[in-house]
Amino acid sequence: MWLLITAVAYFLNAIAAVVDKFLISKKISNPAVYAFYISVLGLLGLILIPWGFGWIGWYNFGIVFVAGVTFTCALLHLFKGLAVNESSRITPFIGGLSPIFVFLFSFFLLGERLAGRQLFAFVLIIIGTIFISLGRDGKKNLARGFWYAGISALMFGISYTLTKLAYNNISFTNAFVWLRITTFIGGLFLLYKAANRRDVFHPSEKTVQKAGPLFLFGQAAGAVSFLLINYAISLSSVTIVNALQGLQYVFLLIMVLILARWRPRILEEKLRGMILVQKISAIVLIGAGLYLLV
C-alpha cells in the first residue's frame, strides 16, 4: 500500500511540475508572482494551530526562519529556470542535485555520515545531472536556466536540512506551522521590488481568468502529493520513499512525451532522436543514484 501511495504522490508531483512550466512560460511571465502566491497558499497550514502551536524560542525560530525563507528562494529560482528552459531538464536537475546539498549540510549540522554505497550513489547523481544538462539549445538560455536550477537546488538543500533540524528539536505540528509562516515571510520579501508588487496586486484580468483555475489545480496536485508522501513515510522508510523520487522524473518524461505529440506548442520541448535517449539515460542514472541512497 505504501508503494502505491508513493507512486501516486510522485505522479501528482509530476502533474504539478508540468502545470508550473506551462504557466511560467505561457501565462505568468513573472516567476516572483508564482512564488509569492505559493507562499500565501502555504498559510493553509495554519489550520493545524489548535493541535499544537506555541512559541519555540529564538534559536528554533532562527532555524525555521532561514528554512522558510530559503524555501521561497528555492521556488523563485526553480520558476526562473522553468521560464527559460525545459521542464524535463530543470526538474530532474534540481531533484538530482538537491540531495547532494542535503547530505553535505547534514554532515555538519546533523552529524550524518555517508557509506561507500551512498558515495557511489552521489557519483551517479552527479553524472546524471551533468548529462541531463547537455544539449544543443541556445547556449545563453541553457546556461542561465541551469544557473537558476543550481541556486534552487542549493536553497532546497539548506531548507530541507534545517527543516529536519527543526523537527528534531520541536514537535511536528508546531514546526510545520512555523515553517508555513516563515515561508510566507519569504514571500513578502519578494514584494520589495515595485515590479513584483504591481504584478501581484494588479494582474491583468486576462491572466487571472486563464491562469487562475490552472494554478489552483497545479497547487492542489502538489498539496495532495505532499500529504501522500508524508503518509507513505509514516508507513515505511523515509529513505526508501525519498529514493523513489526517481518515479517522478519517469512520470514527467511520459507526460512531456504525450503533450509533445498531442499539443507540441504547450511546452515546446525538444524530444527527438538522441535528445530523447539522452534524457531517458540521465533520468535512469539519477533514479539509480537515489535508489542507492536507501
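Structure's up top.
Conventions we followed
- Residues numbered from 1 in each chain as written.
- Predicted model: local features only at pLDDT ≥ 70, side-chain atom pairs only at ≥ 80, totals over all residues.
- Heavy atoms only, no water.
- Helix = DSSP H or I, 4+ residues; strand = E, 2+ residues; numbered from the N terminus.
- Buried < 20%, exposed > 50% of the residue type's maximum accessible area, 1.4 Å probe, protein only.
- Contact = heavy atoms within 4.5 Å.
- Axes fitted to C-alpha atoms, helices over the stretch in contact; angles between N-to-C directions.
- Parallel < 35°, antiparallel > 145°, perpendicular 65-115°, else oblique.
- Left-handed = near helix turned anticlockwise from the far one by under 90°.
- Nonpolar A, V, L, I, M, F, W, Y, C, P; charged D, E, K, R; others polar.
- Salt bridge = Lys/Arg side-chain N within 4 Å of Asp/Glu carboxyl O.
- Patch = residues over 30% accessible without salt bridge, like charges linked within 9 Å, V, L, I, M, F, W, Y side chains within 5 Å.
- Areas by Shrake-Rupley, 256 points an atom, 1.4 Å probe, with all protein chains shown as cover.
- Phe/Tyr/Trp six-rings, centres within 6.5 Å; stacked < 30°, edge-to-face > 60°.
- Polar contact = N/O pair within 3.5 Å; in protein donor to acceptor, adjacent residues only side chain to side chain.

Enquirer: Sorry, what's going on with the side chain of arginine 180 here?
Expert: Tracing the backbone shows arginine 180 in helix α7 (residues 172-189). The buried category is assigned to arginine 180, whose relative accessible area is 16%. Discounting residues that sit within four places of it in the chain, arginine 180 has contacts with Gly42, Leu43 and Gly45.

Enquirer: Just checking my understanding: could you explain the packing of helix α3 (residues 57-84) against α7 for this structure?
Expert: Helix-helix packing is described using two parameters, namely the angle between the two axes and the distance between the axes. α7 packs onto α3 with a crossing angle of 50° between their chain directions and a minimal axis gap of 7 Å. With respect to α7, the axis of α3 lies oblique. The two elements α3 and α7 meet at a crossing, and its hand is right-handed. Between α3 and α7, the residues in contact are Phe61, Val64, Phe65, Ala67, Gly68, Val69, Phe71 and Thr72 and Trp178, Leu179, Thr182, Thr183, Ile185, Gly186, Gly187 and Phe189, respectively. Looking at the contact of α3 with α7 residue by residue, the class counts come to ten nonpolar, six polar and no charged.

Enquirer: Got a minute to help me understand the packing of helix α2 (residues 31-41) against α3 in this structure?
Expert: Look at α2 against α3: their axes get within 8 Å of each other, and the N-to-C directions meet at 140°. In terms of orientation, α2 and α3 fall into the oblique class. Remark: the crossing between α2 and α3 carries right-handed chirality. Taken together, the residues of α3 that come into contact with α2 (itself represented by Pro31, Ala32, Tyr34, Ala35, Ile38 and Ser39) are Thr72, Leu75, Leu76, Phe79 and Lys80. Taken together, the residues that form the contact of α2 with α3 break down as eight nonpolar, two polar and one charged.

Enquirer: Which parts of the structure should I look at to understand the pattern of salt bridges?
Expert: Two side chains carrying opposite charge are able to pair once their charged atoms lie near each other. Tallied over the full model, the rule gives one salt bridge. In this structure, the salt-bridge partner of arginine 198 is aspartate 199, at a minimum N-O distance of 3.3 Å.

Enquirer: So what exactly am I meant to see when it comes to a nonpolar patch on the surface here?
Expert: Nonpolar side chains collect at one region of the surface, where Met1, Leu4 and Val8 lie side by side and expose about 330 Å² of accessible area between them. Note on placement: methionine 1 falls in the segment before α1 (2-27). The exposure class of methionine 1 is exposed, given its relative accessible area of 70%.

Enquirer: Is there a simple way to think about the packing of aromatic side chains in this case?
Expert: Two descriptors summarise a pair of aromatic rings, namely the distance from one centre to the other and the angle between the planes of the rings. A complete count under the given rule lists 19 aromatic pairs for this structure. When the ring of phenylalanine 61 is compared with that of tryptophan 178, the centres are 5.7 Å apart and the planes differ by 85°; the resulting orientation is edge-to-face. One end of the pair, phenylalanine 61, is in helix α3; the other, tryptophan 178, is in helix α7, with 117 residues separating them in the sequence. Centroid distance phenylalanine 172 to phenylalanine 176: 5.8 Å. Interplanar angle 25°. Geometry classified as stacked.

Enquirer: Just checking my understanding: could you explain α2 for this structure?
Expert: The α-helix winds at 3.6 residues per turn, so residues separated by three or four positions along the chain end up facing the same way. With eight of eleven residues buried, α2 is to be regarded as a mostly interior element. Turning to α2, its buried residues are Pro31, Ala32, Val33, Tyr34, Ala35, Phe36, Ile38 and Ser39.

Enquirer: Would you mind showing me how to read the side chain of histidine 77 here?
Expert: Assignment of secondary structure puts histidine 77 in helix α3. Among the polar contacts listed, one links the side chain of histidine 77 to the backbone oxygen of cysteine 73, at a separation of 2.9 Å. If sequence neighbours within four positions are ignored, histidine 77 has contacts with Tyr148, Ala149, Ile151 and Ser152.

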